[in-house]
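Letter by letter, the chains look like this.
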Amino acid sequence: MNWQLVPQFAITGLLAGGPIALTALGLVLIFKSSYIFNFAQGQLLLMGALVTWWFSVEHGLPMWMAILLALILSALLGLAIERLALRPMTGQPLLSIILMTLALSQVLQGLALLLFGATQRNFPQLFSAANPYRITTPFVFNDRPVVVILKQNLTWSFVVALLGVLVMGAFFRFTKTGLAMRGTSEDHELAQSIGLRIHRIFGLSWALAGVVATVGGILLATSSGLDLSLSVVVLAAFPAVLLGGLESIPGTIVGGLIIGLAQGLVAASKAPIVRNAAEIMPYVVLLIVLIFRPEGLFGRKRIERI
Amino acid sequence: MAILRPAGEFDTHYARDMATIRRPWQWWLLFAFILALYTLPFYGSQSLVSLVNRIGITIIAVQGLNLLTGYTGQISLGQAAFMTTGGYISALLVNNLGWSFFAALPVAALGAGIVGLIFGLPSLRVKGFYLVMATLAAQFIIPWFTRNAFPDVLNRAQGLNVQVPVLFGFEFNSPQRYIYLTLTVLIFSTIAAHNVSRSRLGRAFVAIRDNDLAAEVLGVNLFKHKLQAFFLAAVYAGAAGALAAHNIRHLNSETFNLTDSVFYMGMLVVGGLGLDLGPIFGAIIVELLIEGATLFGPFFISLFPSTAAGAVQALRPLFFGITLMLFLIFEPRGLAHRWYLVKAAWRLRPFSH
């Protein structure tokens with residue numbers, strides 16, 4: 001371990017966990033209401049970021065307007081996906097639904113490549129890259145105080161991600177629509193029998209997932225640039241969701257932060273082989289979770305009957 | 001699949017009743033088809049031969065996935081990772097230890113099978129999405145291993161140059177020659193897959209797929225059979241990976257990637273899950289689609305100038321995704337199922353039901 005660097009890497013890892021948590025939130029939103037695990041979330045995120053870039057850079061709209069338009073478009077995209085691709089799948093076996101979202105991810109990836117090309121884009125900087133925040137920690141190592149540097153874009157995307165999760169959590173907890181969505185997640189037929197329009201709720205959750213994905217995409221694009229590989233963040237979000245529990249909104253934050261922290265700590269190691277393991281760290285955590293606690297930290301354990 | 005037999009055909013003993021190929025003319029037809037495939041290098045163009053070669057290798061990988069996903073119902077996104085394993089084992093045995101490819105191929109298949117067993121272990125505790133995640137983990141951990149472990153043997157991200165298989169001085173160094181190898185392995189793998197599907201093992205797999213709890217109550221050992229399914233799938237993947245590696249003659253951690261795993265799943269659904277013909281139909285249709293994407297590329301470049309060189313890469317997932325979605329909505333049981341329906345309708349003609 002490179003002890004001098006540990007606090008820095010731990011904090012950077014935690015901050016990187018913010019966007020992961022936001023992506024995980026999009027997955028949980030859809031899973032909670034419709035019981036679909038959306039493998040296309042990464043591509044939704046990519047689409048959101050690309051559309052924002054298109055409005056703001058290609059068409060020169062002010063940033064807030066570009067973001068607003070992108071949010072509206074992504075909500076519509078979510079609605080369209082639910083209506084065209086997932087509704088015919090109602091009542092189909094799990095395998096078909098998983099494959100449908102996988103097919104969707106391929107289609108969206110292909111569309112993104114076809115419409116926007118594979119070149120690396122300069123996404124407008126929302127937060128200044130210069131003047132990172134410096135925090136002097138009370139710890140002293142080798143007679144020097146340990147200073148932690150927080151990049152502005154990472155910090156603010158972390159804050160926005162956290163806010164997003166809190167807002168969604170409050171929405172599910174306190175609004176009538178949120179209650180209806182929670183009810184739908186318990187049992188589709190029961191929800192329908194008490195007069196909830198479950199297809200409208202599925203549509204709403206897909207639209208929300210699109211919006212959340214776009215926010216995540218914008219945050220990631222401002223901190224790490226915009227190209228087609230943006231969608232791979234979702235591969236770190238899958239383990240985060242399972243770690244937090246598939247139905248749990250607070251779980252996404254905890255899962256995202258743990259995954260980010262694990263990646264950060266591994267990257268602080270001195271041995272190159274351990275340092276390189278940062279990229280597969282989410283999946284190592286995932287395997288441990290699957291073996292010891294498959295329902296995740298805050299998920300519900302299901303009892304199966306024939 | 002209810003088997004409809006033409007009127008007037010009576011079986012006098014059980015062996016005949018169980019036979020896959022029932023009539024002399026079917027034997028002749030099969031023989032002619034196989035002969036046509038083996039003589040393809042003499043009359044087919046080079047691109048056709050290499051396409052058939054590629055399809056053959058893909059079919060082997062998808063057949064393995066069919067045993068695991070189609071029959072046993074365990075969803076796996078790790079097939080490409082097991083192909084990587086098989087490819088590396090075979091390449092190392094041939095390159096570093098000087099083995100013959102024909103000795104290395106079964107060892108590579110077995111080695112991949114053992115790795116498959118390890119990643120199949122979570123299948124007893126978890127299923128559905130969770131199992132997809134566990135196999136997805138294989139898809140990340142195995143390529144990472146080849147990139148980072150034993151750098152002097154595995155040569156990091158650059159990967160390995162793989163030697164050409166040689167048999168009694170005959171070098172399989174072009175698709176025209178390699179196709180004999182592919183076809184031979186393919187014939188064996190098809191016979192094996194068919195025999196698994198109609199034996200006790202295959203019926204146990206189907207019981208687990210249809211209802212695993214009920215199967216367990218009936219005395220099917222879940223753990224054993226799920227692991228056997230993972231083992232078989234990975235053995236097929238290992239053989240396919242070794243074949244592909246010696247065909248391309250280069251191998252690195254990205255040769256078989258997550259997209260390939262997704263494509264194999266898609267091929268299986270397009271062809272027909274849990275049917276012997278499924279992998280064959282699916283692999284052919286999807287590979288032809290990909291070829292089509294290559295052909296249509298220039299036309300699309302003129303439509304979308306912003307993509308330019310990327311158009312072919314863009315069309316491939318687009319065509320594949322749209323085809324898969326249409327199949328899932330309109331024909332979720334796949335082409336092989338439709339083929340059986342057409343056959344049944346033909347036999348019942350003129351009474352369609």
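Computed from a prediction, not measured in an experiment: that's the story for all the values here.

Conventions and cut-offs
- Residues numbered from 1 in each chain as written.
- Chains lettered and ligands numbered in written order.
- Predicted model: local features only at pLDDT ≥ 70, side-chain atom pairs only at ≥ 80, totals over all residues.
- Helix = DSSP H or I, 4+ residues; strand = E, 2+ residues; numbered from the N terminus.
- Buried ≥ 20, exposed ≤ 12 C-beta atoms within 10 Å, placed from the backbone.
- Contact = placed C-beta atoms within 7 Å.
- Rg over C-alpha atoms; globule rule 2.2 N^0.38 Å.
- Nonpolar A, V, L, I, M, F, W, Y, C, P; charged D, E, K, R; others polar.
- Domains from an automatic or database assignment.
- Expected span 1.5 Å × (residues − 1).
- Axes fitted to C-alpha atoms, helices over the stretch in contact; angles between N-to-C directions.
- Left-handed = near helix turned anticlockwise from the far one by under 90°.
- pLDDT = per-residue confidence, 0-100.

Engineer: Report on the overall build of chain B, specifying residues and quantitative values.
Structural biologist: Summing up its helical and strand segments, chain B has 16 helices and four strands in all. Expressed along its principal axes, the backbone C-alpha trace of chain B runs to roughly 65 × 50 × 50 Å. Looking at the 353 residues of chain B, the share that counts as buried comes to 47%. Long-range pairs, those at least 24 residues apart, make up 75% of the contacts in chain B between residues at least 6 apart in sequence.

Engineer: Explain the overall build of chain A to me, using residue names and the numbers behind them.
Structural biologist: Secondary structure summary: chain A contains twelve helices and two strands in total. Ordering the α and β elements of chain A from the N terminus gives α-α-α-α-β-β-α-α-α-α-α-α-α-α. For chain A, the C-alpha radius of gyration of 20 Å lies close to 19 Å, the compact-globule estimate for 306 residues. Considered along the principal axes of its C-alpha atoms, chain A spans approximately 70 × 50 × 35 Å. Long-range contacts, defined as pairs at least 24 residues apart, comprise 76% of the intrachain contacts of chain A with a sequence gap of at least 6.

Engineer: Would you mind going over the interface of chain A and chain B in detail, with residue names and values included?
Structural biologist: The parts lose accessible area when they come together, and the size of an interface is often stated as this lost area. The interface is formed by 39 residues belonging to chain A together with 41 residues belonging to chain B. At the level of elements, α4 (94-116), α9 (234-244), α11 (272-276) and α12 (281-292) of chain A are the ones that each hand at least two residues to the side of chain A that touches chain B. In terms of residue count, α4(A) provides more of the side of chain A that touches chain B than any other element does, 18 residues in total. Counted by class, the side of chain A that touches chain B contains 30 nonpolar, seven polar and two charged residues.

Engineer: Help me get a handle on the domain arrangement of chain B, residues and values and all.
Structural biologist: Residues and elements named next belong to chain B. As far as domains go, chain B holds domain 1 (43-256) and domain 2 (257-353). The distance between the C-alpha centroids of domain 1 and domain 2 comes to 22 Å. With 23 residues of domain 1 at the interface, the matching set in domain 2 holds 20 residues. Of all the secondary structure elements, the ones that give two or more residues to the side of domain 1 that touches domain 2 are α4 (46-71), α5 (79-97) and α9 (175-198). Looking at the side of domain 1 that touches domain 2, the element that brings in the most residues is α4, giving 13 residues. Here the residues of the side of domain 1 that touches domain 2 are counted per class, giving eleven nonpolar, ten polar and two charged.

Engineer: Account for helix α5 (residues 152-174) of chain A, naming residues and giving values.
Structural biologist: All names here are of chain A. Across its 23 residues, α5 extends 32 Å between first and last C-alpha, which sits within 8% of the 33 Å expected from 1.5 Å per residue. Considered for burial, the residues of α5 that qualify are Asn 153, Leu 154, Ser 157, Phe 158, Ala 161, Gly 164, Val 165 and Met 168. The inward-facing, buried residues of α5 contact α1 (6-34), β2 (144-150), α8 (198-224) and α10 (249-267).

Engineer: Account for the environment of Asn96(B), naming residues and giving values.
Structural biologist: All names here are of chain B. Within the secondary structure, Asn 96 sits in helix α5. Asn 96 gets classed as exposed once you count the C-beta atoms within 10 Å, which come to 10. For the pair formed by Asn 96 and Val 153, sequence separation is 57 residues and the distance between their alpha carbons is 8.7 Å.

Engineer: Give a description of the environment of Arg249(B) that names residues and reports values.
Structural biologist: The residue Arg249(B) is located in the loop between α12 (222-248) and β4 (250-251) in this model. Given 14 C-beta atoms within a 10 Å radius, Arg249(B) is considered partly exposed.

Engineer: An account of helix α2 (residues 41-58) of chain A is needed here, citing residue identities and associated values.
Structural biologist: Because the α-helix completes a turn every 3.6 residues, residues three or four places apart line up on one side. All names here are of chain A. The terminal C-alpha atoms of α2 lie 25 Å apart, and with 18 residues this matches the ideal 26 Å at 1.5 Å per residue to within 8%. Of all 18 residues making up α2, 15 are buried, and the element is well covered by its neighbours. Backbone geometry just after α2 places Gly 60 at a positive phi near 65°.

Engineer: An account of the packing of α1(A) against α5(A) is needed here, citing residue identities and associated values.
Structural biologist: Residue and element names in this part refer to chain A. Contact pair α1 / α5: the axes reach a minimum separation of 8 Å and the direction vectors enclose 30°. Viewed along their axes, α1 and α5 form a crossing whose handedness is left-handed. Contacts between α1 and α5 pair Thr 12, Leu 15, Ala 16, Gly 18, Pro 19, Ala 21, Leu 22, Leu 25 and Leu 29 from the former with Leu 154, Thr 155, Ser 157, Phe 158, Ala 161, Leu 162, Gly 164, Val 165 and Met 168 from the latter. In terms of residue class, the contact of α1 with α5 is made up of 13 nonpolar, five polar and no charged.

Engineer: For unusual backbone geometry, give the residues involved together with the corresponding values.
Structural biologist: The phi dihedral of Tyr35(A) falls on the positive side, at around 65°, and the residue is not glycine. With 16 C-beta atoms packed within 10 Å, Tyr35(A) lands in the partly exposed category. Residues other than glycine seldom take positive phi values, yet Arg249(B) does so here, at roughly 65°.

Engineer: Provide a residue-level description of the confidence of the model for chain A, including the pertinent values.
Structural biologist: For chain A, mean pLDDT is 83; residues scoring 70 or higher make up 96% of the total. The secondary-structure element of chain A with the lowest mean pLDDT is strand β1 (residues 133-141) of chain A, recorded at 71, while helix α3 (residues 63-86) of chain A shows the highest, at 90.

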